[in-house]
Amino acid sequence: MVDLSVNMFGIDFKNPVFAASGTAGYGIELVHYIDLEKIGALITKGVSPKPKSGNPQPRIIETPSGILNSIGLQNIGVKRLIDEVLPELEKYDTSVIVNIFGDDIDGYINVAGAFLNEDRVDALEVNLSCPNVKEGGIAFGRDPKISAEITSAVVEASQKPVIAKLTPNVTDIAPIAKAVEEAGAAAVSVVNTLLGMAVDVETRRPYFKNVTAGLSGPAIRPVALRFVWETARAVKIPVIGIGGITSGKDALEFIMAGAAAVQVGSANLVDPGVISNVIDEIEDYCTKNGISDLKEIRGIIKEEI
Amino acid sequence: MKAKILSNREAAPGYFRLAVSATEALLRGRPGQFVMVRGEGWETDPLLRRPFSIYRFRKGMEAVEILYRAVGRGTRLLSQMKAGDAIDILGPLGNGFPDLPEGRRSLLVAGGAGVAPLISVAEAKGGSARLIMGGKTKDDISYVFEDERELGIDVTYATEDGSFGKMGTSISAMKEEASPGDTVFACGPLKMLREVERLSREMGFTSYVSYEERMGCGTGLCFGCVVMGAGGEYQRVCKDGPVFDVNELSWKDIEDID
Ligand SMILES: Cc1cc2nc3c(=O)[nH]c(=O)nc-3n(C[C@H](O)[C@H](O)[C@H](O)COP(=O)(O)OP(=O)(O)OC[C@H]3O[C@@H](n4cnc5c(N)ncnc54)[C@H](O)[C@@H]3O)c2cc1C
Ligand SMILES: Cc1cc2nc3c(=O)[nH]c(=O)nc-3n(C[C@H](O)[C@H](O)[C@H](O)COP(=O)(O)O)c2cc1C
Ligand code: FES
């Protein structure tokens with residue numbers, strides 16, 4: 001028997017394969033396509049203090065092996081998430097992580113505080129890739145100091161394990177990872193989407209109203225893997241690897257680079273049952289290779305190079 | 001869900017009919033529902049599935065048929081696939097058309113490939129629905145001749161160049177035929193749907209439109225496919241639609257992209 005379970009920050013996850021925020025709806029949508037109880041954890045769509053309507057159309061375009069999205073963080077707001085979504089998720093024996101964001105530090109504190117007494121929520125994942133309106137739209141997460149400030153404020157407000165989700169749109173990720181670790185993050189998620197853009201040559205206009213958009217999917221996998229490897233070398237807290245994972249083999253690359261767990265994002269949009277396959281493929285690999293615990297291969301290349 | 005292609009042929013220049021083996025669940029779908037499709041072997045490029053309405057439920061053959069126009073990369077790749085090839089199909093998705101009220105006349109108003117979700121409505125409704133089929137030229141409408149024969153439905157054809165049927169659009173033909181109290185089911189370009197909305201207000205009939213939007217997942221996961229609802233909240237076309245009562249949408253907020 002292969003034991004795929006992982007313990008991170010005091011929580012036992014059945015396995016290390018999670019559904020990434022924004023690619024699994026609020027979780028309820030996924031139940032028609034996959035056994036929610038099989039996945040390691042469900043990370044819900046990012047919520048803010050107030051509902052947010054998101055960006056106008058178009059919101060999605062395909063790129064070679066990737067997706068550019070400009071959803072604009074549309075969500076029902078924290079109150080409706082707690083009143084309408086959490087009671088539905090209560091029916092399933094699944095770890096639930098809620099992804100949160102705000103327009104400013106007070107917004108982050110406000111949304112985090114709402115989960116103080118919500119036992120159904122195992123942890124919060126803080127999206128640090130949101131544009132900091134006051135600083136001209138530069139993501140909060142590009143600045144180690146602001147990232148740390150938000151992280152400690154969320155830890156204090158929620159009293160929950162806090163996972164800081166880092167942006168890849170930086171030259172060097174290690175100082176940011178270290179800053180949030182010191183600020184009390186229980187883990188880091190690496191990475192969010194890469195900034196990209198598309199142009200409609202017929203209209204000679206940017207395809208998206210906001211010009212830039214977030215790139216995800218297999219196209220970003222090698223870049224994400226490098227960020228995970230760099231982060232795993234820089235911090236002691238668990239690293240959750242994200243970026244273009246579609247198969248067990250992809251997930252194993254991240255685990256060998258040092259990830260304690262992984263998230264599957266865009267692949268859910270192509271095949272809403274894909275996480276089940278990823279878990280089975282990891283298990284098969286372990287069986288074939290005589291691995292009884294993923295610890296044996298986790299971070300195996302971390303120190304070597 | 002893996003399925004087999006039973007046939008894939010060009011039924012009119014640029015328009016293809018694709019028949020694929022279907023599960024029970026898919027065959028129980030409602031007219032107006034759709035499927036998300038990708039070819040096996042597409043690997044990760046193209047990455048996303050493509051949405052297509054269910055054109056015909058072929059219950060006897062345990063198959064469904066899709067009608068598609070080859071417009072871009074995915075549909076061109078699809079058009080090269082052959083009987084026996086494997087295809088990945090997810091569905092039935094979306095809400096589908098409501099049942100038609102008994103004893104009322106219904107008009108099915110189609111613009112080009114927008115006829116796709118309407119033929120299955122016509123099939124289900126037998127003689128009580130009339131199809132108004134519009135296109136730029138005869139090529140845009142001629143594949144429907146087969147269905148007209150097989151299903152014995154009443155069709156009014158209209159072409160903009162006058163090469164077949166009435167000269168004009170499906171909207172101009174609809175204006176001649178519609179009367180207050182009718183129910184209109186429409187699918188086609190956004191411009192056409194706007195006209196349906198306007199005329200239903202002015203002439204006093206009930207209209208349902210099958211709305212088209214770029215989709216990521218087709219299953220409600222990504223919020224990529226939204227349209228502004230009358231209540232001021234974005235609706236997911238794939239989950240809350242694709243069929244909407246025209247009064248459910250906020251038409252002034254809908255921009256013409258594409
Ligand atoms: C619910 C729904 C049902 C549909 N049913 C049918 C159908 O039954 N038959 C049919 O022929 N088409 C249908 N469409 C449109 C069809 O999905 C697109 O034509 C197809 O996805 C294009 O794929 P592609 O890879 O060939 O194009 P791409 O290479 O991805 O794009 C090429 C061009 O195709 C057009 N296009 C791409 N995606 C869409 C889209 N979602 N809607 C409209 N235009 C698009 C754009 O003009 C784009 O520039 C439906 C769309 C939706 C949302
Ligand atoms: C449509 C879409 C919506 C997303 N929404 C969020 C979000 O609300 N919060 C967040 O932290 N990340 C969000 N992401 C980022 C993903 O969680 C993930 O980090 C990213 O897509 C990279 O992983 P992937 O390549 O497996 O998709 C979103 C991604 C996509 C494609
Ligand atoms: S296409 Fe993803 S929500 Fe509709």
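About the thresholds
Residues numbered from 1 in each chain as written. Chains lettered and ligands numbered in written order. Predicted model: local features only at pLDDT ≥ 70, side-chain atom pairs only at ≥ 80, totals over all residues. Heavy atoms only, no water. UniProt positions renumbered as here; feature names shortened; annotations may be inferred. Contact = heavy atoms within 4.5 Å. Buried area = accessible area lost by both parts, 1.4 Å probe. Salt bridge = Lys/Arg side-chain N within 4 Å of Asp/Glu carboxyl O. Polar contact = N/O pair within 3.5 Å; in protein donor to acceptor, adjacent residues only side chain to side chain. Nonpolar A, V, L, I, M, F, W, Y, C, P; charged D, E, K, R; others polar. Helix = DSSP H or I, 4+ residues; strand = E, 2+ residues; numbered from the N terminus. Buried < 20%, exposed > 50% of the residue type's maximum accessible area, 1.4 Å probe, protein only. Expected span 1.5 Å × (residues − 1). Pairing = 2+ DSSP bridges. Near = heavy atom within 4 Å. Areas by Shrake-Rupley, 256 points an atom, 1.4 Å probe, with all protein chains shown as cover.

You'll find chain B entered in an unreviewed UniProt entry as Dihydroorotate dehydrogenase electron transfer subunit, with Candidatus Zymogenus saltonus given as the organism. Regarding chain B, the relevant UniProt record gives this comment under Sequence similarities (unreviewed entry): "Belongs to the PyrK family."

In the annotation of an unreviewed UniProt entry, the entry for chain A reads Dihydroorotate dehydrogenase, and the organism field reads Candidatus Zymogenus saltonus. Per UniProt, the comment on chain A under Subcellular location (unreviewed entry) is "Cytoplasm". Recorded in UniProt under Catalytic activity (unreviewed entry), the annotation for chain A is "(S)-dihydroorotate + A = orotate + AH2".

## A word on the interface of chain B and chain A
Between chain B and chain A, the residue contacts involve 29 residues of the former and 35 residues of the latter. With both sides pooled, the region where chain B packs onto chain A buries about 2,600 Å², and carbon together with sulfur makes up 60% of that total. For the pair chain B and chain A, the interface holds four salt bridges. Taking the shortest distance from any N to any O, the salt bridge between A:E29 and B:R236 comes out at 2.9 Å. Inspection of the region where chain B meets chain A yields 13 residue pairs in polar contact (both at pLDDT 80 or more). Each residue belonging to the side of chain B that touches chain A can be placed in one class, and the counts come to 14 nonpolar, five polar and 10 charged.

## Thoughts on the UniProt feature "binding site: FAD" (unreviewed entry) in chain B
Residue and element names in this part refer to chain B. UniProt records the feature "binding site: FAD" (unreviewed entry) at R50, P51, F52, S53, L67, Y68, R69, G74 and T75, using the numbering of this structure. Take P51: it is sitting in strand β4 (residues 50–53). By relative accessible area, which is 33% here, P51 ends up partly exposed. When near neighbours in sequence (up to four residues on either side) are disregarded, P51 contacts F34, V35, M36 and M215. Note on placement: G74 falls in helix α2 (residues 73–79).

## Description of helix α8 (residues 274–288) of chain A
For an α-helix the count is 3.6 residues per turn, leaving residues at separations of three or four pointing the same way. All names here are of chain A. Between the first and last C-alpha of α8 there are 21 Å, a value that for 15 residues agrees with the 21 Å anticipated at 1.5 Å per step. Among all positions of α8, only V274, I275, S276, V278, I279, I282 and C286 are buried. Residues of α8 that are buried in the fold lie against β3 (17–19), α6 (248–256), β16 (261–264) and α7 (266–270).

## A few points about unusual backbone geometry
Trans peptide bonds make up most of the peptide bonds, and negative phi angles are found at most residues other than glycine. All names here are of chain A. For the bond from Q57 to P58, the omega torsion is -5°, close enough to zero to count as cis. Relative to the assigned elements, P58 resides in the loop between β4 (41–47) and β5 (60–63). Note the cis peptide between V190 and V191, where omega equals 15°. If you trace the backbone, V191 turns up in the loop between β10 (187–190) and β11 (194–197). Residues other than glycine seldom take positive phi values, yet F9 does so here, at roughly 35°. Checked against the element boundaries, F9 lands in the loop between β1 (6–8) and β2 (11–13). The phi torsion at V211 lies on the positive side, around 65°, for a residue other than glycine. Counting through the fold element by element, V211 comes out in the loop between β13 (205–206) and β14 (212–216).

## Structural notes on the pairing of strand β1 (residues 2–12) of chain B
Residues and elements named next belong to chain B. In the sheet, β1 pairs with strand β7 (residues 86–93) via three bridges, with the strands oriented antiparallel. Bridge assignment links K4 to a residue of β7, and that residue is A86. Where β1 folds back onto strand β2 (residues 15–21) in an antiparallel hairpin, the turn is made up of two residues, including G14, whose phi is positive at roughly 90°.

## Description of the UniProt feature "active site" (unreviewed entry) in chain A
Residues and elements named next belong to chain A. Sites flagged by UniProt as "active site" (unreviewed entry) map to C130. The class of C130 is buried, set by a relative accessible area of 3%. Every residue in contact with C130, bar those within four places of it in the chain, is listed here: L73, F101, G102, Y108, I138, A139 and F140.

## Observations concerning the pairing of strand β3 (residues 34–39) of chain B
Residue and element names in this part refer to chain B. Along β3, six of the six residues are buried, which leaves the element largely enclosed by surrounding structure. The two faces of β3 match: F34, M36 and R38 on one face and V35, V37 and G39 on the other face are all buried. Note that β3 and β4 share four bridges and pair antiparallel. In the sheet register, V35 faces β4, and the bridge partner there is F52. Direction of pairing for β3 relative to β7: antiparallel, over a ladder of five bridges. Note on β7: the bridge partner recorded for V37 is I89.

## Remarks on the site of ligand 1
Residues and elements named next belong to chain B. Around ligand 1 sit 20 residues, and of these R50, P51, L67, G74 and T75 come closest. Residue L67 places a main-chain N or O atom 2.7 Å away from a nitrogen atom belonging to ligand 1. A distance of 3.0 Å separates a nitrogen atom of ligand 1 from a polar side-chain atom of E212. When isolated, ligand 1 has an accessible area of 850 Å², and the protein chains bury 78% of it. Mapped by element, the contributors of at least two residues to the shell around ligand 1 are β4, β6 (63–69) and α2. Per element, the largest residue contribution to the shell around ligand 1 is four residues, and it comes from β4. For the shell around ligand 1, a count of residues per class yields nine nonpolar, four polar and seven charged.

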